[in-house]
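Structural overview for review
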Amino acid sequence: MPHHVGNHENVQPVYSDARLYDFVPPPLLQERPVEVNMKHVAPTTHVLVAYITANDVLCGRGAASIQHPGNKYFRSLVKDRQEEYATLRRQDKSSLVREILQSIDNRNGRFLRQLGTGEWVEVHDAISYEKTCQALREYQKTRKKSSSKKATSKLKT
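Residues numbered from 1 in each chain as written. Predicted model: local features only at pLDDT ≥ 70, side-chain atom pairs only at ≥ 80, totals over all residues. Heavy atoms only, no water.

Points about the environment of Tyr73
Stated formally: We count a stretch as a helix when DSSP gives it H or I for four or more residues in a row; a strand needs E for two or more, and each element gets its number in order from the N terminus. In this scheme, a residue with accessible area under 20% of its type's maximum is buried, one over 50% is exposed, and one in between is partly exposed, where area comes from a 1.4 Å probe on protein chains only. Any pair of residues with heavy atoms lying within 4.5 Å of one another is described as a contacting pair.
Along the chain, Tyr73 falls in helix α4 (residues 69-87). On the basis of relative accessible area, Tyr73 is assigned to the partly exposed category, the value being 24%. Separated by 17 residues in the primary sequence, Tyr73 and Asp56 place their C-alpha atoms 9.4 Å from one another. Excluding residues within four positions of it along the chain, Tyr73 makes contact with Ser103, Ile104 and Arg107.

Shown next, in the form of structure tokens:
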């Protein structure tokens, strides 16, 4: 037994090596449901994408993502379903979003984003879901603006 100085003869380490790896949180923490807004969650590990295909949807701004064939296809799917989305109840809207995502997946497309290093990674499913919802909602915003402009112009005449 090693020699300890002072009153520390009976001090035990807080964790032994075995407990470091077998640590289980208290039951209260395990059973408590956690709701996470996935829009703000970035994966802690990134799986780098070796190459980008024409079926991939590139998340981001600029000409590269606007002109990419996968983004054009995604926008066409969204445009074709926007009016339908505007008339649906909340529960049915999620089904429509999943159908669009399934169409991308059926073509072996992925939603990708570029890291600061220039490398591409696949985004979490929740982020691609949110991106699709946002694209579908954009139609509702432009539709409301155009209808309010029409109403204003009718009032002036």
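Quick look at helix α5 (residues 90-106)
Which entries qualify depends on this criterion: The length a helix should cover is 1.5 Å for every residue beyond the first. By definition, the arc is the one covered by directions from the helix axis to the C-beta atoms.
In a regular helix each residue adds 1.5 Å, so 17 residues correspond to 24 Å; α5 covers 25 Å between its end C-alpha atoms and thus fits that length. Within the sequence span of α5, burial applies to Lys93, Ser94, Leu96, Val97, Ile100, Leu101 and Ile104. Viewed end-on, α5 has its buried residues packed into an arc of 160°, placing them on one side of the element. More than 90 degrees from the buried face of α5, the exposed residues found are Gln91 and Asn106. Count one or two residues on from α5 and you reach Asn108, which has phi positive near 60°.

Remarks on the packing of α4 against α5
Helix packing geometry: the angle between the two helix axes and the distance between the axes. What counts, and what does not: Only the contacting stretch of a helix is used when fitting its axis, a line to C-alpha atoms as for every element, and angles between N-to-C directions run 0 to 180 degrees. For classification, angles of less than 35 degrees are called roughly parallel, those exceeding 145 degrees roughly antiparallel, those between 65 and 115 degrees roughly perpendicular, and all remaining angles oblique. Definitions for this section: a left-handed crossing has its near helix turned counterclockwise from the far helix by less than a right angle. A right-handed crossing has that turn clockwise. Polarity classes work like this: nonpolar for Ala, Val, Leu, Ile, Met, Phe, Trp, Tyr, Cys and Pro, charged for Asp, Glu, Lys and Arg, and polar for all others, with Gly in that last group.
For the pair α4 and α5, interaxial distance at closest approach is 11 Å and the crossing angle is 160°. When the axes of α4 and α5 are compared, the pair comes out roughly antiparallel. Pair α4 / α5 crosses with right-handed handedness. Touching Tyr73, Phe74, Leu77, Val78, Arg81, Glu84 and Tyr85 of α4 are Lys93, Leu96, Val97, Glu99, Ile100, Ser103 and Ile104, all from α5. The class makeup of the residues in the contact of α4 with α5 is nine nonpolar, one polar and four charged.

Notes on the packing of aromatic side chains
The way to describe two aromatic rings as a pair is by their centre distance and the angle between their planes. As a reminder of what qualifies: Pairs were defined over the aromatic rings of Phe, Tyr and Trp, the Trp ring being its six-membered one, requiring ring centres within 6.5 Å. Orientation was assigned from the angle between planes: stacked under 30 degrees, edge-to-face over 60, tilted for the rest. A positively charged side chain is recorded as over a ring if its NZ (Lys) or CZ (Arg) lies within 6 Å of the ring centre. The angle to the ring normal must also be within 35 degrees.
In the structure shown here, the tally under the stated rule is one aromatic pair. An angle of 90° between the planes, with centres 5.5 Å apart, marks the rings of Phe74 and Phe111 as edge-to-face. Here the residue Phe74 occupies a position in helix α4, and Phe111 occupies one in strand β2 (residues 111-114), the gap between them amounting to 37 residues. We note Arg107 situated over the ring of Tyr73; from NZ or CZ to the ring centre the distance is 3.7 Å. Residue placement shows Arg110 over the ring face of Tyr51; its charged tip is 6.0 Å from the ring centre.

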